[in-house]
Amino acid sequence: METGTIPLDDLAGGLDLYRTLESGQSYLWRRDDGEMYSETPAPGAWYSTVVEGDVIRVRTRDGRLEWESTADAEPIVRRLLRLDDDLEAIIAAGPDDQLLREAYEAHRGMRLVRDPPFGCLISFICSAQMRVGRIHTMVKTLASEYGDEIVFDGETYHAFPTPEQLATATEAELRELGLGYRAPYVVRTAEMVASGEAHPEDARDLEYEAAREYLTKFVGVGDKVADCVLLFSLEFDEAVPLDTWIKSAIEDYFPDCDRGSYAATARALRERLGGEYAGYAQTYVFHHLRTGK
């Protein structure tokens, strides 16, 4: 077992691990008490994920981020949790807006995640018209049914399935697992990636709106899901997914940003929220409005 620690004071803006991993950005982590997305924080709890065959566990305790892994995982932890982001500078660069000030103050230390692209894509295909806890359960089920088992420190973990593994699933099997109408979308998207027809990673080198358009070629992916993948996996920090909560925010706080279409509204909101880091602002507003605190 490899282990390490990172002092939280070394991270510009700190780190709130609970809010980072349970704010609706990622469904590829698990909490060791099984209560992830229960809306109940568990200070000091371990969170785990599997990346490229390595189990990674992290927790915050006594002013430090601790990690354990099957490999020397500090560079991976820094990448997944975006620990090199300067939160203080990002917040300072944003607009002077009351809602944003409230959200930033209430959720200090929440960072964007950088999830693996395929797992992120499937997670958000599963997210349509679903609460965060149910999405997490779906993704966990896909991992346990189709992903590799890895034993680490006496516990069994499941990697999220590769495109090839998930492409072996049938629509009927996924419906039985509770995916409902999303089942054919997941199967077809997995087949597209497994065959080399397309890969979400390929969007990384495109300009933002072209990248969003590219991702909509995957079955079951509209503009909102595409923006989620861009923001939470591919580091397009300007992306502002227009989900139900953000549409409510537009209606209540930014009505002049409603331009009638997804693309035009997203463009206007992106400008209102500061441009380059608008996705950070969007994520704070989403979590603030969803939790009501």
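Residues numbered from 1 in each chain as written. Predicted model: local features only at pLDDT ≥ 70, side-chain atom pairs only at ≥ 80, totals over all residues. Heavy atoms only, no water.

**Let's talk about the pattern of salt bridges**
The cut-off we apply is this: Salt bridges, as used here, are contacts in which a Lys or Arg side-chain nitrogen is within 4 Å of a carboxyl oxygen on Asp or Glu. Partly exposed describes any residue whose relative accessible area lies between the buried limit of under 20% and the exposed limit of over 50%, with all areas from a 1.4 Å probe on protein chains only and scaled to the type maximum. Helix and strand labels come from DSSP, where a helix needs a run of H or I of at least four residues and a strand needs a run of E of at least two; each type is numbered from the N terminus.
Here the structure, examined in full by the defined rule, presents 25 salt bridges. Across the pair Arg31 and Glu22 runs a salt bridge, and its minimum N-O distance is 2.8 Å. Each member of the pair, Arg31 together with Glu22, is buried. For Arg188, the salt bridge is made with Glu191, and the minimal N-O distance between the two is 3.8 Å. Here Arg188 pairs with Glu191, and both are found in helix α9 (residues 183–195), just three residues apart, close to one helical turn. Among the residues examined, Arg188 registers a relative accessible area of 31% and is labelled partly exposed. The structure contains a network of salt bridges with shared partners spanning Arg59, Arg61, Arg64 and Glu66.

**Description of the pairing of strand β5 (residues 64–69)**
Where we set the bar: Paired strands, in this sense, are two strands between which DSSP finds at least two bridges.
In terms of burial, β5 is a largely internal element, five of the six residues being buried. As paired elements, strand β1 (residues 2–7) and β5 share six bridges and run antiparallel to each other. Across the sheet, residue Thr5 finds its bridge partner in β5, namely Glu66. A loop of two residues connects strand β4 (residues 54–61) with β5, the two strands running antiparallel in sequence, and Asp62 in this loop sits at a positive phi of about 55°.

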